[in-house]
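Observations on chain architecture
So you can see what is in the structure, the chains are spelled out below.
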Amino acid sequence: MQQTVPWIGKAMVRREDARLLKGAGRFVDDHQPEGCLFLEFLRSPYAAGRITDLDVSDAVDAEGVVTVLTAEDFAGLGQAAVNALLPGAEVHPLEPLASGRVKAVGQAIAAVIAETREAARDAVELIAFDIAEEPLATRRVLRHRWQSGVPQTGREISVQLDHALVAPMALEPRATLALPEGAGLKVHLSTQTPQRCRTDLAAILGLAPSAIRVLTQDVGGAFGGKASLMPEDAVVALAALRLGRPVKWTAARSEEFQAATQGRGGETRAVLTLDHQGLPVALSAELRFPLGHWMPYSALAPIRNAGRILPGPYAIEAVDIEAQAHLTPGAAVNIYRGAGRPEAAMLMERLIDKAAQAQGLDPLEMRRRALYRGAFPRATPTGEAICSGDFAALLDRLERETDYAGLRARQAERRAAGAVCGLGLALYIEPCGQGWESAELRLEADGSFTALTGSSAQGQGRETAFAQIVAEVMGVTPDCVRVVQGDTEAVPEGIGALASRSTAIGGTAMARAARRLLDQLGPRKDWTGIGPVSVKERYEAPGEAWASGAVLAEVAICPDTGHLTVEGITWVDDAGRVLNPMLVQGQLIGGLAQGLGAATMERMAYADGQLLTGSLMDYAVPRASDMPPVRLISQPLPSTANEMGFKGVGEAGCIGVPAALLNAVQDALLPFDAPDLSLPLTPEKLWRAMTGLEP
Ligand code: SMO
């Protein structure tokens, strides 16, 4: 039987790479259709104000300019959706162009469409406008409380943490190209969610969803930054529709800093109550997350995630968690790799370390005592159901593999010799998305298979992974399977790639489609000559898959300069049944790099609403030379939330790693009696902590 070939679990090289490494990838900006017009935006230099004058006549008259759009051109048009994930949320969907008021630096006010990109850029300078500045304001749009269990009294441990705003920073900036097609549009979009973008565009433009075809082809990274329809997309689409010509906009890096969505930015505080044995029994917290000046579709996902996973892998039964989200005068804040999970893990892991310190316990021993060890699915006090996990086994494995006791002994020796060095532990849980995904599997006349999935791709290796799933079920080799994604004509229904859900939900959908096709046709050695047969599947996951892991970070700090050296990261992860270990490793390492960036250097900064970090000269991202030695240890436990046993890995590196790094740094600084630090852990901050100067 050919079915015995285990394609699932095989470390297959990504079939996408040959194309991408040879420069044969097709990104939005690679398309240059005949007669294409170029669109450039006038963006607000003010953070808040009333638009008292807007005169585009000189720009309209400029050479090469076809037209200039303002908010008036969108009057009477529809709106994009916002997912009101928590009850009582007030939603503020995107405004394509500022109407009456500007609410953030970088908000688009007008769009110039011209025959060349240069002509469009020059004409932007000719737009005359006046803005009467107004004071910066915030507005609360959500207040939610998770409350359960009996409040406890006992020793209280508290932590306060701020999370810097960070930029998702995909290699490929956002880009949109809209082409009129019949009565509708074909839109090339650099997005994670082609189907929802199609539906949102249709709602805005007053078209039937079927009149718009969204195509993504290759997308150069996204990380949540391309998860929702953006104002610029709507403007480009309207321009193409009105002018009857192709219109393209490609964001400059500086536009990405000003107007792409950002991540994190929350202010969090929490109190852990210990019982008479010193075990954590109750948790209370206040989470305040900024949203920026408008809300993309998933804007409320981070705060919801932070609240619902806050107790982490610990046996806490009583919670009182209050979450608040505010509109703020800056770029929209949306999901970014981790999406609320990093903030939750960091708060909880700091609490556990401080509880250990207060009781004179080693942080590992404190965790061992506090971990949840009961049955699964684990009903959490925030109302979630964790499918599976063995948190104590992850910790035991980490202890063994790192010779933790030996590391502690060596740390003591180094400390005695004057070194500033620390060890930091963190455990994390990673819920991997809810809902449904689509799959279609077609047997072609030539005996090959076409696998169509709603789980679109932004560099994760989807074509390789989904071909493995089909190959395993159908008993063929993966090269017989063509994977199609990111085209709403080929795949009209789908959710897309986000929330670490693609393999668990989209992959299970594909496996089910394959199994049904196999049932229909019966297993065979030769699939040729049967004639096209197709099976469609819409798989709704009954529950979430929950990945988990344990991380140990080793750090040293230069006592003279505060320079932080990450000497090593050891990471035991439970990603469920592994589909392709090479892809999993890529996801873990990539997430780790972004987690390291957030922990040590990344920070979007505003002063009085003005953006101070508008380029890569001011905003630091990790480079290859910043990567520490990393040891990955896989300890998979299949999920029970789907029959494939899959969990997710996309966001894990941003969840556990920053928490472990912060604990390691605080551990290194224990002899200095340093205050609670917040990310990023810059040399200046560490130097101040060591010298006793105000942070
Ligand atoms: S932050 Mo992810 O794209 O859900």
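So, how was this worked out
- Residues numbered from 1 in each chain as written.
- Predicted model: local features only at pLDDT ≥ 70, side-chain atom pairs only at ≥ 80, totals over all residues.
- Heavy atoms only, no water.
- Buried < 20%, exposed > 50% of the residue type's maximum accessible area, 1.4 Å probe, protein only.
- Helix = DSSP H or I, 4+ residues; strand = E, 2+ residues; numbered from the N terminus.
- Pairing = 2+ DSSP bridges.
- Right-handed = clockwise from strand over helix to strand, strands pointing away.
- Axes fitted to C-alpha atoms, helices over the stretch in contact; angles between N-to-C directions.
- Parallel < 35°, antiparallel > 145°, perpendicular 65-115°, else oblique.
- Left-handed = near helix turned anticlockwise from the far one by under 90°.
- Contact = heavy atoms within 4.5 Å.
- Nonpolar A, V, L, I, M, F, W, Y, C, P; charged D, E, K, R; others polar.
- Salt bridge = Lys/Arg side-chain N within 4 Å of Asp/Glu carboxyl O.
- Core = buried A, V, L, I, M, F, W, Y, C linked by side-chain atoms within 4.5 Å.
- Lys, Arg positive; Asp, Glu negative; His and termini not counted.
- Domains from an automatic or database assignment.
- Buried area = accessible area lost by both parts, 1.4 Å probe.
- Polar contact = N/O pair within 3.5 Å; in protein donor to acceptor, adjacent residues only side chain to side chain.

Buried residues dominate strand E11 (residues 184-189), accounting for six of its six residues. Burial of the side chains of E11 extends over both faces: Gly184, Lys186 and His188 are buried on one face and Leu185, Val187 and Leu189 on the other. Between the end of strand E10 (residues 175-181) and the start of E11, which pair antiparallel, lie two residues, with glycine 182 showing a positive phi angle near 60°. Where E11 meets strand E12 (residues 212-215), four bridges bridge the pair, whose relative direction is parallel. Counterpart to valine 187 in the pairing with E12 is valine 214. This β-α-β element, E11 to helix H4 (residues 194-205) to E12, shows right-handed connectivity.

Taken N-terminus to C-terminus, the directions of helix H14 (residues 581-600) and helix H15 (residues 652-668) make an angle of 45°; their axes are 7 Å apart at the nearest point. In terms of orientation, H14 and H15 fall into the oblique class. For the pair H14 and H15, the crossing hand works out as right-handed. Counting all contacts with H14, which are made through Leu588, Gly591, Leu592, Gln594, Gly595, Leu596 and Ala599, the residues of H15 involved are Ala652, Gly653, Cys654, Val657, Pro658 and Leu661. Residues that form the contact of H14 with H15 fall into these classes: nine nonpolar, four polar and no charged.

Right, let's talk about the pattern of salt bridges for a bit. Overall, the coordinates contain 48 salt bridges when judged by the stated rule. Close ionic contact of glutamate 40 with arginine 121 constitutes a salt bridge, the shortest N to O distance being 3.4 Å. Highlighted residues: glutamate 40 in strand E1 (residues 37-43) and arginine 121 in helix H3 (residues 117-124), separated in sequence by 81 residues. Close ionic contact of arginine 308 with glutamate 544 constitutes a salt bridge, the shortest N to O distance being 2.8 Å. A residue pair is termed long-range when its members are at least 10 positions apart, and arginine 308 in helix H7 (residues 301-309) and glutamate 544 in the loop between strand E24 (533-540) and strand E25 (546-557) qualify at 236 residues.

Core analysis: the largest hydrophobic core is formed by 142 residues, its most contacted members being Leu272, Phe449 and Met474. With residues near it in sequence (within four places) discarded, leucine 272 still touches Arg155, Glu156, Ile157, Pro280, Ala282, Leu283, Ile316, Met348, Leu351, Ile352 and Ala355. Within the second largest apolar cluster, 37 residues are counted, among which are Leu37, Ala108, Ile113 and Leu189.

On the secondary structure map, arginine 198 appears in helix H4. No salt bridge is formed by the buried arginine 198, whose closest oppositely charged neighbour, glutamate 493, lies at an N-O distance of 4.5 Å. Excluding residues that lie within four positions of it along the chain, arginine 198 makes contacts with Pro209, Ile212, Val214, Thr488 and Pro492.

Another point: the domain arrangement of the protein. Under the domain assignment, the protein is made up of domain 1 (2-26 + 435-540), domain 2 (31-136 + 170-222 + 226-259) and domain 3 (263-433 + 544-691). On the domain 3 side, the residues contacting the 31 residues of domain 2 number 26 residues. Between domain 2 and domain 3 the total buried area reaches about 2,300 Å² when both faces are included, carbon and sulfur atoms providing 71% of it. The largest share of the area that domain 2 buries against domain 3 comes from Leu85, His92 and Phe257, three residues that together contribute 26% of it. Counting across the domain 2 and domain 3 interface gives zero salt bridges. There are five residue pairs in polar contact (both at pLDDT 80 or more) connecting domain 2 and domain 3. No other element matches helix H6 (residues 253-259), which puts five residues into the side of domain 2 that touches domain 3. A breakdown of the residues in the side of domain 2 that touches domain 3 according to their chemical character gives 21 nonpolar, six polar and four charged.

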